[in-house]
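Here's the letter readout for the chains.
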Amino acid sequence: MPFQSPWQQGAGSGGGADDIEFEIKGEELQFLEIELDPGESAVAEAGAMVWKDASVAMTTVFGDGSGDQGGGFMGKLLGAGRRLVTGESLFTTVFTHEGRGKARVAFGSPTPGSILPIRLSDVGGQLICQKDAFLAAARGVQLGIYFQRRVLTGLFGGEGFIMQSLTGDGWVFVQMGGTVVERELAPGEELHVDTGCLAAMTPSIDFDLVTVGGVRSALFGGEGLFFARLRGPGKVWIQSLPFSRLAGRMLAAANGRGGNRGEGSVLGGFGDWVGGND
């Protein structure tokens, strides 16, 4: 039976990263299956493995395991530090096929949603994404940090001042909440998105904030004070259910408050009362 993906069949670009094939299985709670040839490796977030064939060896390393960090121990420590700043573990796990024929290893997403496969060579060699998005990648892909240059965007943009930067030419697999939509924006085209729903973008996208409107909308509209303003050219990926929103709903239910339709209201519980949510 041919090895196929519900999104697309994947193979590396033939550049610096290992060539891999993959399949994404499941609907709301997905997992990723990567097929390796002898000597090929995949890198994954620590603790993400679901299962592996016996011929696949597992090694835990500092940083992203790209082999491009240089500087011996200090280089690895710097790579690990970059991961810690973006909310990831200090370690990644490298899975290498040391046997013959084909072998597979599988990784699971920790939250309900979608696993998005992106070949970095198809998006200009770099992807900017939310801090905890990385799940796995072909060996050779480098994990770094991306700083928001605008103060307001860093303070109120939903992801803070720091996002993840994934660079290279191979496949990366990022986890998004809920359903994911890809939009390609033409030069000058603008899209307004809830700040928490921006999952990933290409570096050519201009990311800024715009106010939601009048005082009434800001206080009682449930969307907070700002929208994320995304201006092309470039691609953006939008998630329908950020994990922070899901966690907020669960916390509200656990506290006996029930659902909160206006989770962005600056008035908190009073806003819920005024809006009829309690």
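For the structure, check the block above.
Keep in mind it's a predicted model, so treat the numbers as computed, not measured.

Calculation criteria
Residues numbered from 1 in each chain as written. Predicted model: local features only at pLDDT ≥ 70, side-chain atom pairs only at ≥ 80, totals over all residues. Heavy atoms only, no water. Core = buried A, V, L, I, M, F, W, Y, C linked by side-chain atoms within 4.5 Å. Buried < 20%, exposed > 50% of the residue type's maximum accessible area, 1.4 Å probe, protein only. Helix = DSSP H or I, 4+ residues; strand = E, 2+ residues; numbered from the N terminus. Phe/Tyr/Trp six-rings, centres within 6.5 Å; stacked < 30°, edge-to-face > 60°. Polar contact = N/O pair within 3.5 Å; in protein donor to acceptor, adjacent residues only side chain to side chain. Contact = heavy atoms within 4.5 Å.

1. Comments concerning the nonpolar core
Here comes step 1: Of all hydrophobic cores here, the largest spans 20 residues; its most connected members are I20, F22, L32, I34, F107, A136 and F173.
Here comes step 2: Where this core is concerned, the elements lending two or more residues are strand 1 (21–25), strand 2 (31–36), strand 3 (41–45), strand 7 (103–108), strand 10 (134–138) and strand 13 (171–177).
Here comes step 3: Of all hydrophobic cores here, the second largest spans 19 residues; its members include V141, L143, V180 and A199.

2. With respect to the packing of aromatic side chains
Each aromatic ring pair is specified by the distance between its two centres and by the angle formed by the two planes.
Here comes step 1: According to the stated counting rule, one finds 3 aromatic pairs in the structure shown.
Here comes step 2: Judged by centre distance (5.0 Å) and plane angle (75°), the rings of F22 and F173 are edge-to-face. Here the residue F22 occupies a position in strand 1, and F173 occupies one in strand 13, the gap between them amounting to 151 residues. As far as the burial class goes, F22 and F173 line up, both buried.
Here comes step 3: Relative to F107, the ring of F95 has its centre 5.2 Å away and its plane inclined at 65°; by these criteria the two rings are edge-to-face. Placement of F95 in strand 6 (residues 91–97) and of F107 in strand 7 is noted, with a sequence separation of 12 residues between them.
Here comes step 4: Looking at F107, the relative accessible area reads 0%, which means it is buried.

3. So, the side chain of S165
Here comes step 1: One can find S165 in strand 12 (residues 162–167).
Here comes step 2: Residue S165 is classed as buried on the basis of its relative accessible area, which comes to 7%.
Here comes step 3: A distance of 2.8 Å separates a polar atom in the side chain of S165 from a polar atom in the side chain of Q126.
Here comes step 4: Setting aside anything within four residues of it in sequence, one finds S165 in contact with Q126, L127, I128, Q142, L143, G144, I145 and Y146.

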